[in-house]
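Observations on chain architecture
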Amino acid sequence: MQKFIFCFFFLISISTFSQEEIDLNEVIFQATEEEKIYQEEINARVARQAPTLTGSITDVLKTLPYVSVNTELSSQYMVRGGNYDENLIYINGVEIFKPQLVRSGQQEGLSLIHPKMVALINFMPGGWEAQWGDKLSSVLDVIYKNPNQKFAEISGGLLGGDITAGLPFKGGSLLVSGRYLNRNLILNTLDENTDFNPLAYDFQALLNYKISKRLKIFWLGNYNFNEFQSIPKSRQTQFGTLQHPINVYTYYRGREQEQFKSRFSHLNLNFQLTPRWNLNLGLTMTHTQEKEYYDVLSAYYIRTTDEESNATATRDIGGQIDYGRNDLDAFIFGVQHKGNFEINKNQKLTWGFKIQKEDLKDRLNEWQMIDSAGYSLKGFGDYSSFQIQAQNPHLEVNYAMQGTNQIQSIRYTSFLQYNTKFFWHNAKVLLNAGVRTGYWDFNQEINISPRFQMAIKPDWVTSQLFRLAVGKYVQPAFYKEMRKLDGSLNSKIKAQKSYHFLAGHDFEFFIGDRPFKLSTDLYYKKLQDLVPYYLDNVRIRYTGENESKGFAYGVDTRLYGELIPGADSWLSLSYGRTREKWNQQTWIDRPTDPRFKISLFFQDSMPLFPSFKVNMNLIYATGLPNGAPPLTNPYDFQRRLPDYKRVDVGLKKIIIQNRKKNHKLVKQMEVGVDIFNIFNIQNVISNQWLRDVQSRNIYGVPHRLTGRFFNANFYIKF
């Protein structure tokens, strides 16, 4: 640590050798107001227009090379071998939280980010600066619009709709929106006979006001409601191989109901003390209430079939009961300060601290019983430390989890970072060095995270940029990580740690008069004090113990450019591995091991009919490990799911563009149709695990995702 502090101040001193102030905005390909070295800027207009089933901008992220994909129903994402819980999300510099009890993508409603309100999107897949918080994988930084003219937008389709309005006034502006989402039609393309009743809506508002020449405030508020109900009836699934096909018939009784309500409010005061001193003070409140209730009885029989899918023999008959009554009430209040001081035009010092109080109330009560041919079975494997008995000794269950917990704790975080830019032998150099600290009174753990980034742009004929980043990143437990498999809390849980080592290269060139950029990144991450987990659909169930270590490495490449003026397109390629070792056993793939991925995001228009626009997402990704049944030994389950393959196409017709004399009220009007999963490929998200009591075989019955779906939509701007 002393060496890092010495280097930190050494960088400050050497950067002041040159008295001439220089402007190096061109160091970054698409420079923003605050230059970032490891940052991907995404066109907000592109994110709004891309075909989406979730109503979120994160669907565009899934076409980037460093983001893993295994479902189209969820707005969550995985980055470079990390899981869904390892990503930071900010709106206007304020961290936001996602629901904790979601078990599947079909249960998700609207994400907090509203695409129609977004002005800027910045994505950092690793090696980010000290000013950003404590997670292991990535940062998504979103900036909302500050309208300078009145407007109103209405859009809708078969899955829902939204309305957004902007109103500037003297000294400020107001941005408001409302959204509605019902994905019942797309859920009906799943390979099951189920009555779905999903409902989601939210309201958001952003108020900006300039009190005086030096003092500004903004307030951001959100209310989000999501309810999901389903009554499963029956399901027929074919799987196996061509030589040994298997058919599973399942009949259900019961229902499941999930409800998620969240309220978010943030008030920020910005004081420009002098042209070189800027101070911010923010107050944040988040209140989320979640409940997960389900009581489902299923009966199944497993048959072998011939080449024409005719049953030839019955292997097993059984049943299963899944029961859950889980509740979570979380209230989070935070006070944060951030400031910066411009030493000169080429140097800046930034600092901040945050105090966050958390009050979480949790009630967990869930169990599963499996009956196979009259035998009540307990547990899938012989991993004895994971065998949990129900309180009723006469009921043999596969697993049972019970617990009632309340956590009241305070987190303290702070950071200090230094940015500078200068010339070095005619090369332009951008440096950032910083350190972040954190303390949590729940486990009394202190974490110190030094971070360093550098970019060099040589004075060559071709435009090239070389990037380097190293740093320590920690992820203190929030809720799920500290809960053990029996429902109790681990008060000695440590923060998970990741050491990032990244090297990158950007090469800019022209094809004709159109600009292109080829970006390549190499990364290696050393992982310590990991909390292992089971991944089922999008549900992550942690063991609650720091009993694993691991690593991740890979290469990401992205070719970015404009095939037609003003329309961004890109081709992404990536290869990565992530492995871990449980309790000094051998190395195995982590549940999010990504392997190979190729994706294409493409925009085009017809030369003869320029008012017709086409957007296309194409993704091919190696299937993730199929995971292990809860409470079993993951070393016994190391197969992979089938590869994920999907193509979505969006077609739009611009009826009115800008203001015309005969359309004084309407500035823009579009109609379109989105074709999701155009080739009707049945991808697999997870497995349902069934046992044959006679052969002791365990069958992983695939849960398949959505089929082909057509969505008509419209957009009007006033």
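Above this text sits the structure in question.
Reference entry: report on the structure contained in this document. Please read all numbers here as calculations on a predicted model, not as lab measurements.

Helix and strand counts for the protein stand at 4 helices and 35 strands. Partitioning the contacts of the protein with sequence separation of at least 6, the portion at a separation of at least 24 is 68%. Carbon and sulfur atoms make up 57% of the accessible area of the protein, which amounts to about 30900 Å² in all.

A word on a positive patch on the surface. A grouping of K210, K213, R214 and K216 is seen on the molecular surface, where their side chains present a positively charged patch. You can see K213 is positioned in the loop between β11 (193–210) and β12 (215–240). Look at K213 and you get exposed, because its relative accessible area is 76%.

Before going further, it helps to examine the nonpolar core. Ranked by internal contacts, the top residues of the largest apolar core, which has 35 residues, are I113, F123, L140 and Y144. Going through the elements one at a time, α2 (44–49), α3 (58–61), β4 (87–91), β6 (118–124), β7 (138–144) and β12 are the ones with two or more residues in this core. Apart from residues no more than four positions distant in its own chain, L140 is found in contact with T58, L61, Y77, L88, I89, Y90, I113, I121, N122 and F123.

On the surface, F169, L207, Y209, I211, W219, L267, L269, L281, L283, F331 and F333 cluster together into a nonpolar patch covering about 880 Å² of accessible area. Contributing elements (two or more residues each) for the nonpolar patch: β11, β13 (245–271), β14 (277–305) and β15 (311–344). Classification of F169 as partly exposed rests on a relative accessible area of 34%.

Consecutive residues of a regular strand have side chains that alternate between opposite faces of the sheet. With 6 of its 7 residues buried, β7 lies for the most part within the structure. Judged from the 6 bridges that link them, β6 and β7 form a sheet pairing that is antiparallel. The partner of M124 across the bridge, within β7, is V139.

The next point concerns the pattern of salt bridges. Under the counting rule described, the total for this entry stands at 35 salt bridges. For E40, the salt bridge is made with R558, and the minimal N-O distance between the two is 2.2 Å. Highlighted residues: E40 in strand β1 (residues 40–42) and R558 in strand β26 (residues 548–564), separated in sequence by 518 residues. The two residues E40 and R558 agree in class, both being buried. R436 serves as the salt-bridge partner of D134, at 3.3 Å between the closest nitrogen and oxygen. Note that D134 is positioned in the loop between β6 and β7 and R436 in strand β19 (residues 427–440), a separation of 302 residues in sequence. The burial state of D134 is the same as that of R436; both residues are buried. Through salt bridges with shared partners, a single network forms among R577, R579, D589, D593, R595 and R640.

Tracing the sequence through the fold places V429 in strand β19. For the pair V429 and I456, spaced 27 residues apart in sequence, the C-alpha to C-alpha distance is 4.6 Å.

Another point: the environment of D506. Looking at the element boundaries, D506 is found in strand β22 (residues 496–511). In this structure, the C-alpha to C-alpha distance between D506 and F466, residues 40 residues apart in sequence, is 6.6 Å. In this structure, D506 is in contact with S463, Q464, L465, R467, K517, L518 and S519, ignoring residues within four places of it in sequence. Side-chain polar atoms of D506 contact the side chain of R467, separated by 2.8 Å.

The tally for this structure, following the rule as stated, stands at 27 aromatic pairs. Ring geometry for W277 and W351: centres 5.9 Å apart, planes at 65°, overall edge-to-face. With W277 in strand β14 and W351 in strand β16 (residues 347–372), this pair connects stretches of sequence that are 74 residues apart. Plain terms: the ring middles of W460 and F466 are 5.9 Å apart, the flat faces sit at 80° to each other, and that makes the pair edge-to-face. Judged by relative accessible area, which is 47%, W460 ranks as partly exposed. The class of F466 is partly exposed, set by a relative accessible area of 33%. Three or more aromatic residues link up through ring pairs in this structure, and these residues are Y66, Y77 and F123. Looking at R103, its charged tip hangs above the ring of Y294, at a distance of 4.3 Å from the centre. The residue whose ring lies beneath K717 is F151, and the NZ or CZ to ring-centre distance is 5.7 Å.

Rules used in this analysis
- Residues numbered from 1 in each chain as written.
- Predicted model: local features only at pLDDT ≥ 70, side-chain atom pairs only at ≥ 80, totals over all residues.
- Heavy atoms only, no water.
- Helix = DSSP H or I, 4+ residues; strand = E, 2+ residues; numbered from the N terminus.
- Contact = heavy atoms within 4.5 Å.
- Areas by Shrake-Rupley, 256 points an atom, 1.4 Å probe, with all protein chains shown as cover.
- Patch = residues over 30% accessible without salt bridge, like charges linked within 9 Å, V, L, I, M, F, W, Y side chains within 5 Å.
- Salt bridge = Lys/Arg side-chain N within 4 Å of Asp/Glu carboxyl O.
- Lys, Arg positive; Asp, Glu negative; His and termini not counted.
- Charge placed at Lys NZ, Arg CZ, Asp CG, Glu CD.
- Buried < 20%, exposed > 50% of the residue type's maximum accessible area, 1.4 Å probe, protein only.
- Core = buried A, V, L, I, M, F, W, Y, C linked by side-chain atoms within 4.5 Å.
- Pairing = 2+ DSSP bridges.
- Polar contact = N/O pair within 3.5 Å; in protein donor to acceptor, adjacent residues only side chain to side chain.
- Phe/Tyr/Trp six-rings, centres within 6.5 Å; stacked < 30°, edge-to-face > 60°.
- Lys NZ or Arg CZ within 6 Å of the ring centre and 35° of its normal.

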